[in-house]
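Observations on the three-dimensional arrangement
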Amino acid sequence: MSDLEWKNNNENRNWKLMTASCSPDLHIHVKGVPFHLHKEVLAKRSAKVSILLERNEIDELRYILRDLEAEPATFELIAGFCYGDEVKFSSDNIVSVLCVAYYLGMNEEHSSDNLLSKASKFLETRVLPCWNETVNALRSGDKSLDKLADVGLVDLFFDSLIGKASYDPRILGEPIKNGEETNDYRPNPRRRLFTIDWKSEDLITVPLRLYEPLMIRAMKSRSIPIEYIVSSSFKYAKKWVFDGEESISGQRRKAIEAVERLLPHQRGLVSCEFLFESLKHSIWLEASSQCRNGFEIRISKQLDLAKPTDLKILSRGYGEKGESFEDIELVKTVVKSFYGNYTSEDTEDVSHFLRVAKLLEEFLFLAACEDSLKLEAFVELAEITVATSQGVLRYSDGIYKAIDVFLKSHRYLTESEKMEACKVLDCKKLSQEGCERAAKNQRLPLRIVVQVLFVSQLQIRDTVAKEIKGIEETEEQEEEIGVSSDEDEMEKMSNKLLGLEIENHECVVHRWKKTKKKSSVWREVKRKFGCLTSSSSSSADACTCDVKRKKKKKFHHPYK
């Protein structure tokens, strides 16, 4: 034991002996709990109490101690320290202890080995190095941190948490795509601070007024992949908005607005299911228009990545968890926003429109299976689907299948109501297979069946006509091939003629049939042979080649 510690312990024993014989002279209540203290004992450790006693401002002292932002247990711990008791710090009380000690001036300048230095050392060595302890201290000391704003204690907590998350982002939660958690991240083993099977304290338990600035600061640091920040935001929304039905509506509204501000705008980083659920709750909770528009814009950028079950979320009524299709207007709004987003861009890629058209066909089929879907809602949704398929999908078989299953699940419909449901079907766009099925479908109105049969006959006629035309085109192609083959032979002969070689200065002449005008090809050949000269150009048959003359046959005279 050092001399300073022995001296402090000796003084504490003396104070206990003195206070044991003296009655308390300071009576206060902290949140309804009475405390009977000695003014001199508090003044020995607290600079503020000492100043108030010197000024004889006892009432002011009672007022200050009464209004401290501290729990009775925390104040009892601080009072015990003044009386020489050992302080038991923990992550639950460290922030409030620091707050009270800082407020009362319990520093080294007033008294050696004071409470503020002890609490600061505990925070630095036992709390900040550990993720769980840091999160717990931040959550427990929420109400006390405002009094320590000028000290920078909040920044100290934030930097500690962001630093740990930078080394292992999985501590924020695994990335979520399309409603499923993935485990794609592989941290460097040398930098890994946390074991995989270690249960970490969840950051979403921190109050919103601390959680949002912490996440914003983490994004600005660029040291944590954005996917993990999105994952943490998703878990926060799920806990405090989606599943927080017992929470106050105002708190849930603030939470969903904060989540919208934290989500990135890049396409594909946030799952469609999460965006659809957030948009629906922002409308239910009457969030700001900026919040609702933010979710709509993000959805419009990636509607083609959604699933039919995602669209089902938008059509669900308030508080409904089951199968319900009450809000078709919101589906129309999202689709319109999608087309407005892509038509404003200069792109020739139509794959997005194709996927959205198929998505709405699948969603229409899914909705038609439910007997709770009303006829008016089905027709309205079918019209949206037909509009998105115009110029994109070749056949309307998907619309037919949805109508068929709707009539099957709504057998009570009258003939006129069935016609109302079928008015969106374009029979001319049915495939041959679709026509065959529709012609045999007894659930369809008779008028629709007649139209299908007529279209089927037209398709057969067109098919036969195409086959006949194909045969004629084949014959014409064969004739053209025959003529072109003769022309090719002539061309080959001409090329051979032009390529003749002259050996031993002989003039090789190949004459065509006599015509009034000599062939230009022949003239070219003679020119190459040197048979045409300026002096003999008048004669087409003139030849200056040195042609070997035929030797005259010698006759021997019989008398010689």
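Structure: above.
We now turn to the structure provided with this report. (Residues numbered from 1 in each chain as written. Predicted model: local features only at pLDDT ≥ 70, side-chain atom pairs only at ≥ 80, totals over all residues. Heavy atoms only, no water.)

1. Focus: the side chain of S396
By the element assignment, S396 lies in the loop between α18 (375–389) and α19 (397–409). By relative accessible area, S396 is classed as buried at 6%. A polar contact is formed between the side chain of S396 and the backbone oxygen of D426, at a distance of 3.1 Å. With near-sequence residues (within four places) excluded, S396 lies in contact with L425, D426, K429 and L430. (Helix = DSSP H or I, 4+ residues; strand = E, 2+ residues; numbered from the N terminus. Buried < 20%, exposed > 50% of the residue type's maximum accessible area, 1.4 Å probe, protein only. Polar contact = N/O pair within 3.5 Å; in protein donor to acceptor, adjacent residues only side chain to side chain. Contact = heavy atoms within 4.5 Å.)

2. Section: the environment of L148
Relative to the helices and strands, L148 is located in the loop between α8 (131–140) and α9 (153–167). With relative accessibility at 4%, the residue L148 sits in the buried group. Linking L148 and Y102, residues 46 residues apart in sequence, is a C-alpha distance of 8.0 Å. With residues up to four places along the chain from it excluded, the contact list for L148 reads V95, L98, C99, Y102 and L153.

3. So, unusual backbone geometry
Phi at D113 is positive, roughly 55°, even though this residue is not glycine. Note on placement: D113 falls in the loop between α6 (94–104) and α7 (115–127). Although it is not a glycine, E286 sits at a positive phi angle of roughly 55°. Positionally, E286 belongs in the loop between α13 (272–284) and α14 (289–301). E286 sits in the exposed class, given a relative accessible area of 63%.

4. Describing the packing of α18 against α19
Contact geometry for α18 and α19: axes closest at 11 Å, N-to-C directions at 170°. Taken together, the axes of α18 and α19 are roughly antiparallel relative to one another. Contacts between α18 and α19 involve L375, F378, T385 and V386 on the former and, on the latter, I399, A402, I403 and F406. Grouping the amino acids of the contact of α18 with α19 by side-chain chemistry returns 7 nonpolar, 1 polar and no charged. (Axes fitted to C-alpha atoms, helices over the stretch in contact; angles between N-to-C directions. Parallel < 35°, antiparallel > 145°, perpendicular 65-115°, else oblique. Nonpolar A, V, L, I, M, F, W, Y, C, P; charged D, E, K, R; others polar.)

5. With respect to the side chain of K164
When you line up the elements, K164 lands in helix α9. Despite its burial, K164 pairs with no opposite charge; the closest candidate is D159, at 11 Å N-O. (Lys, Arg positive; Asp, Glu negative; His and termini not counted. Salt bridge = Lys/Arg side-chain N within 4 Å of Asp/Glu carboxyl O.)

6. Remarks on the packing of aromatic side chains
If you walk through the whole model with that rule in mind, you get 10 aromatic pairs. Look at F378 and F406: their rings are 4.1 Å apart centre to centre, the planes differ by 5°, and that puts the pair in the stacked class. Taken together, the residues F378 in helix α18 and F406 in helix α19 connect sequence positions 28 residues apart. Among the aromatic side chains, those forming a connected cluster through ring pairs are Y211, Y236 and W240. Taking the ring centre of Y103 as reference, the NZ or CZ of K48 above it sits at 4.0 Å. The lysine or arginine in question, K239, covers the ring of W240, its NZ or CZ lying 5.1 Å from the ring centre. (Phe/Tyr/Trp six-rings, centres within 6.5 Å; stacked < 30°, edge-to-face > 60°. Lys NZ or Arg CZ within 6 Å of the ring centre and 35° of its normal.)

7. A look at a nonpolar patch on the surface
Together, I460, V464 and I468 give the surface a local cluster of nonpolar side chains, amounting to about 250 Å² of exposed area. Residue placement: I468 occurs in helix α22 (residues 446–498). (Patch = residues over 30% accessible without salt bridge, like charges linked within 9 Å, V, L, I, M, F, W, Y side chains within 5 Å. Areas by Shrake-Rupley, 256 points an atom, 1.4 Å probe, with all protein chains shown as cover.)

8. Here we look at the packing of α18 against helix α20 (residues 415–422)
Between α18 and α20, whose axes approach to 9 Å, the crossing angle comes to 25°. With respect to their mutual orientation, α18 and α20 come out roughly parallel. Facing L375, F378 and V379 of α18, the residues of α20 in contact are E417, E420 and A421. When its residues are assigned to classes, the contact of α18 with α20 shows 4 nonpolar, no polar and 2 charged.

9. A look at empty space enclosed by the protein
By rolling a water-sized probe across the atoms, one finds the places where empty space is left. Counted according to the given criterion, the structure contains 4 cavities of 30 Å³ or more. Computed from the structure, the largest cavity encloses a volume of approximately 50 Å³. Along the walls of the largest cavity sit L42, S46, V49, L65, F75, I78, A79, C82, L104 and M106, which together make up its complete lining. Sort the elements by how many residues they give to the lining of the largest cavity and helix α5 (residues 72–82) lands first, with 4 residues. Looking at the lining of the largest cavity residue by residue, the class counts come to 9 nonpolar, 1 polar and no charged. (1 Å grid on protein atoms, 1.4 Å probe; cavity = no way out; pocket = protein on both sides within 12 Å on 5 of 7 lines; lining within 4 Å. Points joined across faces, edges and corners; volume = space filled by probe spheres on them.)

Fair warning: the whole summary comes from geometry, so function is off the table for now.
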